[in-house]
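Notes for the structure review
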Amino acid sequence: MTEPVRLSKRMSELGLSSRREADDWIAKGWVRVDGKVVSELGSKVLPHQKITVERQAAAEQSKRVTVLINKPVGYVSGQAEDGYKPAVTLIKPENRWADDPSPEQFHPTQLRSLVPAGRLDIDSVGLLVLTQDGRIAKQLIGENTEIEKEYLVRVQYTRPGTLPEADLRKLNHGLWMDGKPLLPAKVRWQNEDQLSFTLREGRKRQIRRMCEMVGLKVLGLKRVRIGKVKLGDLPPGQWRYLRPDEQF
């Protein structure tokens, strides 16, 4: 890489911030390239140039919160649609998990720019991450994310007999969706009517569509883990803060 690239893009690549954050900091004069303040949006840099940010940027970033919610059925992950409420409407003091170990105090400003880092279908439940931190959003939903997501899926076989071993192997690797092969998954039986799915990608309604391809009907779907962060005992409809010592 020897061509100049946009400063905000380079900052995102280096993990300093998200692109949106970078543009905000550049406009505020909080970014230096080789020691000089760069405040013009769209400025470009070369790969060898040193990028630093002012203390104000780091302080602002440290105030950004990430929230984990156990999303119930009937809530959408992002914007309100078809009369259904978005999961962010559940983030209020009375719904905070009583056993949340975080010392963080709730403040309404934490709802500003609190966006879902990934989606969970309206009829699916479980772990949903909402964050103000662009770095976490990029980590979880960026193009090159390798973070695993684990789901418990209650299923019913719609064909005679039981699911053949060959079809279970197909769920693990070998299915195509929208003209592209799916990445290898880890799919195994938990009990006679429940499968565990561990995926490294998240195409729209992916698990339900995978199941349909081998004759399985999904009766219930719950996300229980994202990376190293587990849903644990968090009750449905309640939320807690991501702790400083937790990492995806």
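In the block above lies the structure referred to throughout.
All of the points below concern the structure found in this document.

Cut-off values and rules
- Residues numbered from 1 in each chain as written.
- Predicted model: local features only at pLDDT ≥ 70, side-chain atom pairs only at ≥ 80, totals over all residues.
- Heavy atoms only, no water.
- Buried < 20%, exposed > 50% of the residue type's maximum accessible area, 1.4 Å probe, protein only.
- Helix = DSSP H or I, 4+ residues; strand = E, 2+ residues; numbered from the N terminus.
- Polar contact = N/O pair within 3.5 Å; in protein donor to acceptor, adjacent residues only side chain to side chain.
- Contact = heavy atoms within 4.5 Å.
- 1 Å grid on protein atoms, 1.4 Å probe; cavity = no way out; pocket = protein on both sides within 12 Å on 5 of 7 lines; lining within 4 Å.
- Points joined across faces, edges and corners; volume = space filled by probe spheres on them.
- Nonpolar A, V, L, I, M, F, W, Y, C, P; charged D, E, K, R; others polar.
- Pairing = 2+ DSSP bridges.
- Phe/Tyr/Trp six-rings, centres within 6.5 Å; stacked < 30°, edge-to-face > 60°.
- Arc of directions from axis to C-beta.
- Core = buried A, V, L, I, M, F, W, Y, C linked by side-chain atoms within 4.5 Å.

A word on unusual backbone geometry
A positive phi angle is found at Asp-34, which is not glycine, with a value near 50°. What makes Asp-34 partly exposed here is its relative accessible area of 46%. Non-glycine residue Asp-178 carries a positive phi angle of around 55°. The topology assignment puts Asp-178 in the loop between β10 (176–177) and β11 (180–181). Asp-178 sits in the exposed class, given a relative accessible area of 59%.

Concerning the side chain of Ser-77
Along the chain, the position of Ser-77 falls in the loop between β6 (66–71) and β7 (115–116). Within the structure, the side chain of Ser-77 is placed 2.7 Å from the backbone nitrogen of Leu-120, a separation counted as a polar contact. In this view, Ser-77 contacts Ala-87, Pro-116, Gly-118, Arg-119, Leu-120, Leu-128 and Leu-130; residues no more than four positions away in its chain are not counted.

Points about the layout of surface pockets
There is about 950 Å³ of room inside the largest pocket. As for the largest pocket, its lining consists of 33 residues, and the residues nearest its centre are Ser-18, Glu-21, Gln-132, Asp-133 and Gly-134. Listed by contribution, the elements that provide at least two residues to the lining of the largest pocket are α1 (7–13), α2 (19–27), β7 and α4 (134–141). For the lining of the largest pocket, the leading source of residues is α4, giving five residues. Residue classes in the lining of the largest pocket are distributed as five nonpolar, 14 polar and 14 charged.

Considerations on the sheet that holds strand β3 (residues 36–37)
Reading across from one edge, β3-β2-β5 is the order of the three strands in this open sheet, with antiparallel pairing throughout. Each edge of the sheet is formed by a strand with only one pairing partner; in this case those strands are β3 and β5 (51–53). Where strand β2 (residues 31–33) and β3 come together, two bridges link them in antiparallel fashion. When the bridges of β3 are listed, Val-33 appears paired with Lys-36.

Some remarks on the packing of aromatic side chains
A complete count under the given rule lists two aromatic pairs for this structure. Consider the rings of Trp-239 and Tyr-241, whose centres lie 5.1 Å apart with planes at 85°: the pair is edge-to-face. Taking relative accessible area as the criterion, Tyr-241 reaches 2% and is therefore assigned buried. By way of ring pairs, the aromatic residues Phe-106, Trp-239 and Tyr-241 are connected into one cluster.

As for α4
Looking only at α4, the buried set comprises Gly-134, Ile-136, Ala-137 and Leu-140. Considered in projection along α4, the buried side chains sweep an arc of 160° and stay on one side of the axis. Looking at the buried residues of α4, the elements they touch are α2, β6, β8 (125–131), β9 (149–157) and β14 (216–226).

Brief notes about the nonpolar core
Core analysis: the largest hydrophobic core is formed by 33 residues, its most contacted members being Tyr-151, Val-153, Leu-171, Leu-195, Phe-197, Ile-207 and Leu-216. Every element with two or more residues in this core is listed here: β6, β8, β9, α5 (165–172), β13 (194–199), α6 (206–213), β14 and β16 (239–241). Here Leu-216 is in contact with Val-155, Gln-156, Tyr-157, Thr-158, Leu-163, Leu-171, Leu-195 and Cys-211, once residues within four sequence places are set aside. In this structure, Trp-97, Ala-117, Ile-226 and Leu-231 belong to the second largest nonpolar core, which totals 14 residues.

A few points about empty space enclosed by the protein
According to the stated counting rule, one finds one cavity of 30 Å³ or more in the structure shown. Reported here for the largest cavity is a volume of approximately 30 Å³. Counting residues per element, the lining of the largest cavity draws most heavily on α5, at three residues. Per-class residue counts for the lining of the largest cavity are six nonpolar, three polar and one charged.

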